[in-house]
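Notes for the structure review
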Amino acid sequence: MQKIKSLMARQGLKSPQESMADLSPVENLRIPSKEELRELREQPIDPQAEQEIIDSIEEVYFSNDSFDMVRHELEKLPPELNLQELEDYRDKLKRQQAAVSKKVADLILEKQPAYVKELERVTALQTNLQLAAVICTNARRQLSVAKEGFTEASLGLLANQRRRQLLTGLLKSLRTIKTLQRTDVRLSEMLEEEDYPGAIQLCLECQKAASTFKHYSCISELNSKLQDTLEQIEEQLDVALSKTCKNFDVSHYTKVQVAYTLLGKTQTAMDQLHMHFTQAIHNTVFQVVLGYVELCAGNADTKFQKMQYKDLCTHITLESYIPCLMDLCKALWEVMLSYYRTMQWHEERDRQENAPTPDDAVAESDELVVDRSYVKKKLEHGLTRIWQDVQLKVKAYILGTDMSNFKYDDFIVVLDVISRLMQVGEEFCGSKSEVLQESIKRQSVNYFKNYHRARLEELRMFLENETWELCPVKSNFNISQLHEFRFMGQCRSPSVSPSRQAGSSTNPPLDESLFQQYIQEGNPFEVHIEHKEEETEDVLASNGYESDELEKNVYQEYDSDSDVPEELKQDYVDEQTGDAPLKSVSRETIRSKKKSDYNLNKTNAPILTNTTLNVIRLVGKYIQMMNILKPIAFDVIHCVSQLFDYYLYAVYTFFGRNDMYESSGLGLISSRLRTTLNRIQESLIDMEAVGENAGLHGPTEDRKEKVPSPHLSQMVVLTNSGTLYGLAQRVVATESLVFLAEQFESLQSHLDTMMPAAKKPFLQQFYSQTVSTASELRKPIYWIVAAKAIDYEQMLLMMAGVKWDIREIMSQHNVYVDVLLKEFEQFNKRLGDVSRHVRIPLPVSNVLWEHCIRLANRTLVEGYANVKKCSNEGRALMQLDFQQFLMKLDKLTDLRPIPDKEFVETYIKAYYLTENDMEQFIKNHREYSMKQLANLVNVCLGSHINKKARQKLLAAIDDIDRPKR
C-alpha cells in the first residue's frame, strides 16, 4: 500500500479532495464549488469541443513537474496591460482549467474500481508475508535443537575412516613415484644399448603415470625431468638417423623408424633425414678435398679449413686431381647408395603393411595412409634434390682446375669417371645431369681445342718427316687391336677376333643397374680403375706389331693364310669394274695368275705408315672422348674430319699435284675430288704462313684454326727413274690413305649413332664428299709415274719417220711398235722390282697399266695425226701396228678391256668415211683434238674428199672449237 502511495506521490497524483485542498486561496476563489462542478458535469458539453479546448493548451504545461505556470504566464504579459484583454485571457485559462479538471475527474471516477481491487490484493500479500516469517522462525528453532542433540563422536568416526582411505591411496602413489624416479637409470642403459624404441616406450609410460599424480608437487619436477629425458632421446635419435646417410644398416634404421613412429613424428623424421643427407654430402666432399689439399700443401696450416668448398677446389694440384676425384665419387656413391637403400626399406615396409589386415586395424589406417603418402612423396622429391646437390659439388670441383694441360689419358679418365657418375645419376633419379654435362662440356671444349691444335701441328711434323716407308704390321692387323679402340667393345668393328668377343662376355649384364650390382658391397668407381689397369696390361701384351721373325715374312715369301680371319682376306675394290673385293690368293691360284699381279709374293697385310698409325690412334682417342662426352660429339667429329682432310691434302700435295693434269685431257681429278681439295685448302690450310707477307694479311683469329701446308721430306726422292720416280713411296702414301678411308668407313655407323640429329648431314657429306674420294687420288698420283716411265716422245719421233703413203699392203709392222713394247717390258720389270720392297695391290697395278696404255694409245693417235700423206695401204699398216701392239700387250697385263683401244681404232677407221659420215664423225667424237680432226680431213683430201668438202669439214671443226675459246 505504501508503495502505491509513494508511486502516486512521485507522479504527483492526488485524490480529488486533496487536489482541491492543495490549491492556494487565490486559486480556490476561482475554482467552482461542488455544486458548480456538478452543474458543469450535468451540463451537456460537446466532447469534441472539450477536446478542442484541451488541445488548445500550450504543450509547455505538459513538459515536466517543475514547470512554473505563474511565471510563465507573467512573462507572456505585454509591456502595456489591457484589462479587457487580460480578462478575456483569464476566462480562456479558466475554461481550459475547467476542461482539464473535468477530464481528470472523469478519469479518476473511471479507474476507481480497479484502484480499490488492487488495494485489496496488496493487503492480502502483506498478510501472507507475515505468516511466512512465523514459519521460518519455527524452522530455525527446530534446527538448533537437532544440532544440539547430534553426537560429535559419530562424525569423528566418519572423518577418521575417510582419512585412512586417503592415506592408503597416498602410500600407493608414493611407491609409484619412487618407481618413476628410478626409471632414469634404466633409460640411460637403453640409450647406451641404442634401444631407442624401448626407451621411448618406457619414457612415454612414465609420462602417462606422472600425469596421474600431477597434483603432487614432487611430480612437477619429475615430469620436467622426464620431458628433458625425452628430448635427450630425440637428440640421440637424430644423431642415429644422421648415421644412416653414409653407411645404411637395416636393423639400425628400423629401430630409428620405430622410435619415431612411437613419438608420432614420422613426417618430422623424414624432413630431418633429408636435411642430414644434404649435410652429409657437403661434409663428405669438403673432408675429401680438404684432405688432399692439406696433403699436397705439406703443412698444418688451418687456413684451408676456413675456406669455402668452391675456393678449396682451386687448390687441388694436377697430380692429385684424379685420385681426389675418384675418392670424391666413391664417397658420394656411398651417400646415394644409402638413400637408395632407404627408399628400398620404405617400399618393402609399405608392401608388408599393405597386406590384408584384420577388421580391428582399420581404425588406424587413415593416419597411416597419410604418413605413407607423405614419406613416399618426400623420398621421391628427395631423389632429384640430392642428385642436384651432388652435381653442384662435383661441378665446383670440375671447374676449379684448368684441365687444358692434362695428358690425354688423364683427361679420358676424368671423362670416364664423370660419365660413370652421370650414369649413376640417371639410374638414381632419371636425371640427364645437365649441370654435370655443362661443366664437363666447358672443360672438354677448352681442352679439346688446345689438344686438337697441338695434334694437327704434330701431324704436320710427322708428315714433313715421313719417309713413306712401309710400317710392318701383322697380317691380320685391325684397328680394334689398338689400345685406343678397346673401349668400343663388340660393336667397335665387324672384325673383332673371337677371343676378344669371348673375353668381353665376362662383363656384368647390361640390364642390371649399378645400384643392383653394388648394393651389398663394392663401388663402381673402384671397378672402373681395375678395368683400366687390365686394359693397359692387355695392350702391352699385344700392341699391333709382329715379332722380328714375322716382320721378315712381310718381305719374304708368302705365308699360309689359314690363320687369317675371313674379313681380312679381302683386298681393295676394283675402282674400274666395281667388282667385289678379291679373296686373298692361295698357293693354287698363284700359278694361274698373270705377271701383272704384283701381290703374289706378299702377305695381304695393310699398307700403312707410322703417320697413318698415329692418325688412326688419334681418331680412336677422339672417338673415345666423344663416346664419353656426347654433348661435344659434333666438335669432335669435325676435328676427326680435319685429321683425315689434312692427311688427304698432304698426300695429294706431296705426290699428286702437277700442272700437266689439265693439258692431258684425261680427267684425272674428278670434280668431286677437286671440290674437296679446294674446300680443305680454304678451311684448313693456312696459305699465308708460307708467303712472304705471312703476318700482314688478315687477323690472327682467322688463321689460328688453320695449319700451314706440309712439305715433303727431303729424304724422299721422286725424280729417280730407277725407282720409277718414287713409286714405292707413292704406293705407301696412297694406299695408306685408302686404308685410312676404309677404317673411317668401318667407323661410320658408330659415328652416326653419336652425332646429333641436326648435324648428321655434315657427317654424311664428309663421307660422300671426302672419305669416298680417297681412292680417286690413285689416278693423279700414279699418272705422274706412268707419264715418266715410258718415253712417249721417242715413239712420236720414230712414227714421224715412217712412210705412210705406200702403195702395197705390208705384212711386217713398224719398228716403233717393238720399241714401245720393249719400254712396256722394262716398265713391267721395274714394277716387279718395286713390288719386292712394297706390296703393290692389284688396283694399283691396274691403274698404272691403265695410265701407261692410255698414254701410249693417245701417243699413237697423236703420231697418226702428224702424218702428212697417207694411203689406204698406209692405214692398213697403222692397223697392223696397233694389232701387233695389242697382241704383245695381252701377254704383259691382264687388264681388260684395254683402255682407249676404241680411241685408236676409231681414228684409224675414220680415214675411210665419206663426206657426210665424216661430218657426223666430227660432231660426235669430240674426244679428239682439233689438230687430230683437221689432219684427218687434210689427209683424206684427194682420195675421196674434194676441196669444197674439205672447207666444209674444216668449218665444222672450227665451229666445234669456237665455244671452247
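Under an unreviewed UniProt entry, the chain has the name Syndetin isoform X4 and belongs to Betta splendens.

**Examining the overall build of the chain**
In terms of helices and strands, the chain carries 38 helices and two strands. In the chain, which comprises 965 residues, the proportion classed as buried is 41%. At a minimum sequence separation of 6, the contacts of the chain that also span at least 24 residues come to 79%. Working note: accessible area of the chain is about 53,900 Å², and carbon and sulfur atoms make up 52% of it.

**Things to note about the environment of R486**
On the secondary structure map, R486 appears in the loop between α17 (434-465) and α18 (498-503). A relative accessible area of 7% places R486 in the buried class. It is 9.2 Å that separates the C-alpha atoms of R486 and Q624, two residues lying 138 residues apart in sequence. Polar side-chain contacts of R486 include one of 3.1 Å to the backbone oxygen of Q481.

**Digging into the side chain of E823**
Within the element layout of this structure, E823 appears in helix α32 (residues 815-835). In this structure E823 is buried but unpaired, with R830 as the nearest side chain of opposite charge at 5.4 Å. Setting aside residues no more than four positions away along its own chain, E823 makes contact with A789, I790, D791 and Q794.

**Looking at the packing of helix α11 (residues 250-263) against helix α12 (residues 266-297)**
Interhelical geometry of α11 versus α12 gives an angle of 135 degrees and a closest axis separation of 8 Å. In terms of orientation, α11 lies oblique with respect to α12. Counted together, Y253, Y260 and T261 of α11 and T266, A269, M270 and L273 of α12 form the full contact between these two elements. For the contact of α11 with α12, the per-class residue count stands at five nonpolar, two polar and no charged.

**A look at helix α26 (residues 671-683)**
For α26, with 13 residues, the first-to-last C-alpha span of 18 Å sits near the 18 Å given by 1.5 Å per residue. For α26, the complete set of buried residues consists of L673, T676, L677 and I680. When α26 is viewed along its axis, its buried side chains cluster within an angular range of 95 degrees and face the same direction. Facing away from the buried side of α26, by more than 90 degrees, are the exposed residues S671 and E682. Contact partners of the buried residues in α26: α24 (633-656), β1 (685-686) and α29 (760-769).

**Some points on the packing of aromatic side chains**
Enumeration according to the criterion identifies 31 aromatic pairs in this entry. With a centroid separation of 4.6 Å and 25 degrees between ring planes, the pair formed by F903 and Y928 is classed as stacked. Remark: Y928 occurs in the loop between α36 (915-924) and α37 (930-940) and F903 occurs in helix α35 (residues 901-909); sequence separation between them is 25 residues. Of the two residues, F903 and Y928, neither departs from the other in class, the shared state being buried. A centroid spacing of 5.3 Å and a plane angle of 45 degrees characterise the contact between Y907 and Y928, whose relative ring orientation is tilted. Taken as a pair, Y907 in helix α35 and Y928 in the loop between α36 and α37 lie far apart in primary sequence, 21 residues in all. The structure contains a cluster of three or more aromatic residues connected by ring pairs, namely Y408, F411, Y447, F448, Y451 and Y622. The side chain of R455 reaches across the aromatic face of Y451, ending 4.5 Å from its centre.

**Considerations on the nonpolar core**
Counting 234 residues, the largest nonpolar core has V289, Y397, F644, L727, F824, Y864 and F885 as the members making the most contacts within it. Of all the elements, helix α14 (residues 318-353) adds the most residues to this core, at 17 residues. When residues no more than four places from it in sequence are discounted, the contact partners of F824 are I790, W849, C852, I853, A856, F885, L889 and L892.

**Remarks on the pattern of salt bridges**
Under the counting rule described, the total for this entry stands at 27 salt bridges. R121 serves as the salt-bridge partner of E118, at 3.2 Å between the closest nitrogen and oxygen. Here the residue E118 and the residue R121 both occupy positions in helix α7 (residues 83-149), the gap between them amounting to three residues, near one helical turn. Overall, E118 belongs to the partly exposed group, its relative accessible area being 37%. Between D752 and K760 there is a salt bridge whose closest N-O contact spans 3.7 Å. Given the relative accessible area of 26%, D752 is considered partly exposed.

**A look at the side chain of N814**
Within the secondary structure layout, N814 lies in the loop between α31 (792-800) and α32. When its relative accessible area of 15% is taken as the criterion, N814 is described as buried. Ignoring anything within four residues of it in the chain, the contact list for N814 reads V802, W804, L877 and D881.

**Some remarks on the confidence of the model for the chain**
Note that predicted coordinates carrying low pLDDT should not be read in detail. Mean pLDDT for the chain: 78, with 77% of residues reaching 70 or above. Throughout residues 528-596 the model reports pLDDT below 50, and contacts reaching past four residues in sequence, or to other chains, amount to 119 contacts.

**Overview of the packing of helix α23 (residues 610-628) against helix α28 (residues 727-754)**
Interaxial distance between α23 and α28 falls to 11 Å at its minimum, and their mutual angle equals 5 degrees. The angle between α23 and α28 places the two elements in the roughly parallel class. Where α23 approaches α28, its residues T612, V615, I616, V619, I623, M626 and N627 are matched on the opposing element by S736, F739, L740, Q743, F744, L747, H750, L751 and M754.

**Considerations on a nonpolar patch on the surface**
On the surface, V70, L74, L77, L81 and L86 cluster together to form a nonpolar patch covering roughly 440 Å² of accessible area. Note that L81 resides in the loop between α6 (69-76) and α7. The class of L81 is exposed, set by a relative accessible area of 56%.

**Digging into the state of the cysteines**
Inspection of every chain in the model, using the stated rule, returns zero disulfides. The closest cysteine sulfur to the non-disulfide-bonded C313 is located on C324, 7.5 Å from its own sulfur. Overall, the relative accessible area of 0% leaves C313 in the buried class.

**Things to note about unusual backbone geometry**
The amide bond that connects R896 to the next residue, P897, takes the cis arrangement and shows omega of -10 degrees. With respect to the helices and strands, the residue P897 is situated in the loop between α34 (872-892) and α35. The backbone of D900 shows a phi angle near 60 degrees, a positive value even though the residue is not glycine. Here D900 shows up in the loop between α34 and α35.

About the cut-offs
Residues numbered from 1 in each chain as written. Predicted model: local features only at pLDDT ≥ 70, side-chain atom pairs only at ≥ 80, totals over all residues. Heavy atoms only, no water. Helix = DSSP H or I, 4+ residues; strand = E, 2+ residues; numbered from the N terminus. Buried < 20%, exposed > 50% of the residue type's maximum accessible area, 1.4 Å probe, protein only. Contact = heavy atoms within 4.5 Å. Areas by Shrake-Rupley, 256 points an atom, 1.4 Å probe, with all protein chains shown as cover. Polar contact = N/O pair within 3.5 Å; in protein donor to acceptor, adjacent residues only side chain to side chain. Lys, Arg positive; Asp, Glu negative; His and termini not counted. Salt bridge = Lys/Arg side-chain N within 4 Å of Asp/Glu carboxyl O. Axes fitted to C-alpha atoms, helices over the stretch in contact; angles between N-to-C directions. Parallel < 35°, antiparallel > 145°, perpendicular 65-115°, else oblique. Nonpolar A, V, L, I, M, F, W, Y, C, P; charged D, E, K, R; others polar. Expected span 1.5 Å × (residues − 1). Arc of directions from axis to C-beta. Phe/Tyr/Trp six-rings, centres within 6.5 Å; stacked < 30°, edge-to-face > 60°. Lys NZ or Arg CZ within 6 Å of the ring centre and 35° of its normal. Core = buried A, V, L, I, M, F, W, Y, C linked by side-chain atoms within 4.5 Å. pLDDT = per-residue confidence, 0-100. Patch = residues over 30% accessible without salt bridge, like charges linked within 9 Å, V, L, I, M, F, W, Y side chains within 5 Å. Disulfide = S-S within 2.5 Å.

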